[in-house]
Amino acid sequence: MSGAFNVEVRALICSHCGASLPFVPAGGGQIQCQYCRSVTMVTPRDDRSLSRGPVDERQRVAQLWSQLQSGMQVHPELPALMENGLLPERNVATAMKMWEDTRRRQAVDPAAVGDDLLWLTTALSGRFTDDRLRFRALWESALEACPQPRHRQFIRCALCRAAVKDGDLNAAQAWLGPCDPQPQDLLCDTAYRASYAYMATARGHFDHVLQALGMTTDAFPLFFAQRVFCHVLRANAFEKRGDVETATAQLRAVVAAEQGLAAVLPTMLMANAFLQLCPQSMARALGR
């Protein structure tokens, strides 16, 4: 289907049976589930800005550097569901039940939930990359449940990147638009940089990619889960601007610093084949 990430509509998960609900207008309305026939009242999406206004950029970046060793705050039973970084089929039903339970608890006691909903949505959405409506509904339902600006920014960035991959750059910009370009949290900052750079890459605006990610691999602190992705986008920007040598050197440094990365990078390129990332520098960096 086209327009899977169109912001003019809402896509949510039925709270009764867990199926994806049909699209409803962004302003909300009444919708009947096609599976369990229950009726849900969908509220308008909250598209208010997450920005808190200008901040001291030098002080903000210094604060981000101090968070470099921080990860997502999740309960230990969640990572135990994964196998080689992916959610196996046999654990999908368990993860979905945990997602539903966590979504209900998110608004009641967000401190106790921590980052569980972000983690579970990320894991589950990886199972539905070919079902764009289901993918979208998981993320937007998580957005619906999260009052915290930190979580809302992370989710909006995920929807932005999904819209880019779907070829809808207008939708991508609309999802990213309310996000804070100067957050105080490293998770949010990296999500914003990665999403902005991804969108700029799709538009062929490689100078903008380098403005967002910096000219070197250590220009800005990057949250571990998206660090390599940002390095690849930066190297691609150098290569597409004609500087294959710098792109290759940076990729070689990244591969040398992270054991096992050489096996992961080709998969990353394949998942984003529409961008034709690093066509020369990746092969050189991997010695192929």
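The structure we're discussing is the one just above.
Residues numbered from 1 in each chain as written. Predicted model: local features only at pLDDT ≥ 70, side-chain atom pairs only at ≥ 80, totals over all residues. Heavy atoms only, no water.

## Quick word on the pairing of strand β4 (residues 39-42)
Logical step 1: Along β4, the buried face is formed by Thr 40 and Val 42; none of Val 39 and Met 41, which line the opposite face, is buried.
Logical step 2: For strand β3 (residues 29-32) and β4, the ladder comprises 4 bridges, and the chain directions are antiparallel. Residue pairing in the sheet places Ile 31 in a bridge with Thr 40 of β4.
Logical step 3: In this structure, the hairpin formed by β3 and β4 is closed by a connection of 6 residues, where Arg 37 is found at a positive phi of approximately 65°. (Buried < 20%, exposed > 50% of the residue type's maximum accessible area, 1.4 Å probe, protein only. Helix = DSSP H or I, 4+ residues; strand = E, 2+ residues; numbered from the N terminus. Pairing = 2+ DSSP bridges.)

## As for the environment of Leu 138
Logical step 1: Structurally, Leu 138 can be placed in helix α5 (residues 132-145).
Logical step 2: Through-space distance from the C-alpha of Leu 138 to that of Gly 18 is 9.7 Å; in sequence the pair is 120 residues apart.
Logical step 3: When residues no more than four places from it in sequence are discounted, the contact partners of Leu 138 are Ile 13, Met 96, Trp 99, Thr 121, Leu 124, Ser 125 and Phe 128. (Contact = heavy atoms within 4.5 Å.)

## Comments concerning the pattern of salt bridges
Logical step 1: A complete count under the given rule lists 21 salt bridges for this structure.
Logical step 2: Measuring nitrogen to oxygen at the nearest pair gives 3.0 Å for the salt bridge that ties Arg 103 to Glu 100. Of this pair, Arg 103 and Glu 100 both sit in helix α2 (residues 92-106), 3 residues apart, roughly one helical turn.
Logical step 3: On the accessibility criterion, Arg 103 (15% relative accessible area) is buried.
Logical step 4: Since its relative accessible area comes to 10%, Glu 100 is described here as buried. (Salt bridge = Lys/Arg side-chain N within 4 Å of Asp/Glu carboxyl O.)

## Concerning the layout of surface pockets
Logical step 1: Approximately 1,900 Å³ is the volume found for the largest pocket.
Logical step 2: If you trace the largest pocket, you find 38 residues lining it, with Gly 85, Leu 86, Thr 122, Gly 126 and Ala 225 closest to the centre.
Logical step 3: Broken down by secondary-structure element, the contributors of at least two residues to the lining of the largest pocket are α4 (116-125), α5, α6 (149-165), α10 (224-240) and α12 (261-271).
Logical step 4: In terms of residues, the lining of the largest pocket owes the most to one element, α12, which gives 6 residues.
Logical step 5: Tallied by class, residues from the lining of the largest pocket come to 23 nonpolar, 9 polar and 6 charged.
Logical step 6: Reported here for the second largest pocket is a volume of approximately 190 Å³.
Logical step 7: Ile 13, Ser 15, Thr 40, Arg 103 and Glu 144 are, among the 13 residues lining the second largest pocket, the residues nearest its centre.
Logical step 8: Those elements that provide at least two residues to the lining of the second largest pocket are β4, α2 and α5.
Logical step 9: Residues of the lining of the second largest pocket, tallied by class, amount to 5 nonpolar, 4 polar and 4 charged. (1 Å grid on protein atoms, 1.4 Å probe; cavity = no way out; pocket = protein on both sides within 12 Å on 5 of 7 lines; lining within 4 Å. Points joined across faces, edges and corners; volume = space filled by probe spheres on them. Nonpolar A, V, L, I, M, F, W, Y, C, P; charged D, E, K, R; others polar.)

## Some remarks on the environment of Pro 266
Logical step 1: Secondary-structure assignment places Pro 266 in helix α12.
Logical step 2: Look at Pro 266 and you get partly exposed, because its relative accessible area is 27%.
Logical step 3: Expressed as a C-alpha distance, the spacing of Pro 266 and Gln 106, which sit 160 residues apart in the sequence, is 36 Å.
Logical step 4: Leave out the neighbours within four places in its chain, and Pro 266 touches Leu 286 and Arg 288.

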